[in-house]
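Residue-level listing of the chains:
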Amino acid sequence: MSSKDWIEKDFYAVLGVDKAASADDIKKAYRKVARESHPDHNPDDPKAEERFKAASEAYNVLSDSGRRREYDEMRSLFGSGAFRRNARGEGQPGGMPFDVSDMFGGGGGDRRFGGSGFQDLFSSIFTGNQGGGQAAPRGPGRGRDVETEVALDFGDAVRGVTLPLTLRAPGVCETCHGNGAKPGTQPRTCPVCHGAGVTTRNQGSFSFSEPCRNCQGVGTVVEEKCPECHGSGGVTKTRTMNVRFPAGVADGQRIRLAGRGEPGERGGPAGDLFVQVKVRPDELFGRTGDDLTLSVPVTFAEAVLGTDLRVPTLDGAVTLRVPPGTPSGRVLRARGKGVVRRDGQAGDLLVTLDVVVPARLSDEARTALEAFAEQSPPAAREHLDARVRRVS
């Protein structure tokens, strides 16, 4: 993505969010657009694939606070008229003719601005007469980051699991191995910039540096392009990789796989793959941090007299002692039966006791309960009775 793209493209509009949208709103909007336009769900719709790529491009910038700030600053600067075009399409800061396309090389090369700061943009354009400096070559561009979502079973998320992940996304061209040249040939040094990736020309008191238009700032040119990728170094293909999800991975967690995203242009470094984890709920267990939770019903008699309970865990069963006189809602703890942390320590299993009140009783049970009620002490409600008497 070129620096010029940052001015021309409204990433907020692509995702359908306001400029003041929060990070969570941006993430939700991206997921919605990506889900609706994913190529796997729209195999015969090229427009859907373009929407998917545009959403990924927008999210790649807006999800990073630093890059989003740079993007907003650049859009604000050019949108406020700091560089205005006249009737001939020329920019005119302060009345001086200026072509915005000159700022970005004008060649339409696929150059990425996201790795540099906003001030670095201008320092790479203008270098003063003092010292006659020249901008450093940029080299092949880094590939874009890719994000996907994987649903895990509750038990797999707690224990950890390795799963094959199939993606349909750009990958390195196997014919030219990413350099864009026809097999048997190699890219050669650009004859215009001599491999520097930039050219410099003087304009009055300034030395104006820009990406080389002949090689788009890469420093090399491909004379005989690869027949498979047509010189780009990448092709869209389906690839499968094994992804290890560590024990204790949580719902909503993002796992970064360095260098497994889109390949860079013409041999440049690949972007990263981010896997968003979605954990399916379990029918019995819940989770709070590194602790597992479980609700167990007990009878009134078990709560009053006490009992031994046999309860399940994710890897077996344990016996817990319910002491006599246990109230409903008490939490019993089975240590070390929760989520195993990275340091090898484990959380606990928290068992909440739920005293069940029967809806119906047999005649024998009702008679026995009435006898029990006559012999049992009354509930301690003296403080409530006192308030009732005062307000009556």
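See above for the structure.
Figured I'd write up the structure that's included with this text. Note that this is a predicted model, so its numbers are computed, not measured.

A word on the sheet that holds strand S16 (residues 349–355). Taking strand neighbours across the sheet as the criterion, the four strands line up as S11-S12-S16-S15 in an open arrangement whose pairing is mixed. In this open sheet, the two strands that pair with only one neighbour each are strand S11 (286–288) and strand S15 (331–334). Within the sheet, the average angular offset between the axes of one strand and its neighbour, ignoring direction, is 35°. Pairing of S11 with strand S12 (residues 291–298), which is carried by three bridges, proceeds in the antiparallel orientation. Bridge assignment links Arg 287 to a residue of S12, and that residue is Leu 292.

Moving on, we come to the nonpolar core. The biggest cluster of nonpolar side chains holds 38 residues, and the ones touching the most others in it are Leu 152, Leu 165, Phe 245, Leu 273, Val 275, Val 311 and Val 351. When sequence neighbours within four positions are dropped, the list of residues in contact with Phe 245 reads Val 150, Leu 152, Gly 160, Val 161, Leu 163, Ile 255, Val 275 and Val 277.

Once that is clear, we can look at the packing of helix H3 (residues 23–37) against helix H4 (residues 46–62). The interhelical angle for the contact between H3 and H4, taken along N-to-C directions, is 160°, at an axis separation of 9 Å. Relative to H4, the element H3 lies roughly antiparallel. The chirality of how H3 crosses H4 is left-handed. Packed against H3, whose contacting residues are Ile 26, Lys 27, Tyr 30, Val 33, Ala 34 and Ser 37, the element H4 presents Ala 48, Glu 49, Arg 51, Phe 52, Ala 55, Ser 56, Tyr 59 and Leu 62 at the interface. Taken together, the residues of the contact of H3 with H4 break down into nine nonpolar, two polar and three charged.

Rules used throughout
Residues numbered from 1 in each chain as written. Predicted model: local features only at pLDDT ≥ 70, side-chain atom pairs only at ≥ 80, totals over all residues. Heavy atoms only, no water. Pairing = 2+ DSSP bridges. Helix = DSSP H or I, 4+ residues; strand = E, 2+ residues; numbered from the N terminus. Axes fitted to C-alpha atoms, helices over the stretch in contact; angles between N-to-C directions. Core = buried A, V, L, I, M, F, W, Y, C linked by side-chain atoms within 4.5 Å. Buried < 20%, exposed > 50% of the residue type's maximum accessible area, 1.4 Å probe, protein only. Contact = heavy atoms within 4.5 Å. Parallel < 35°, antiparallel > 145°, perpendicular 65-115°, else oblique. Left-handed = near helix turned anticlockwise from the far one by under 90°. Nonpolar A, V, L, I, M, F, W, Y, C, P; charged D, E, K, R; others polar.

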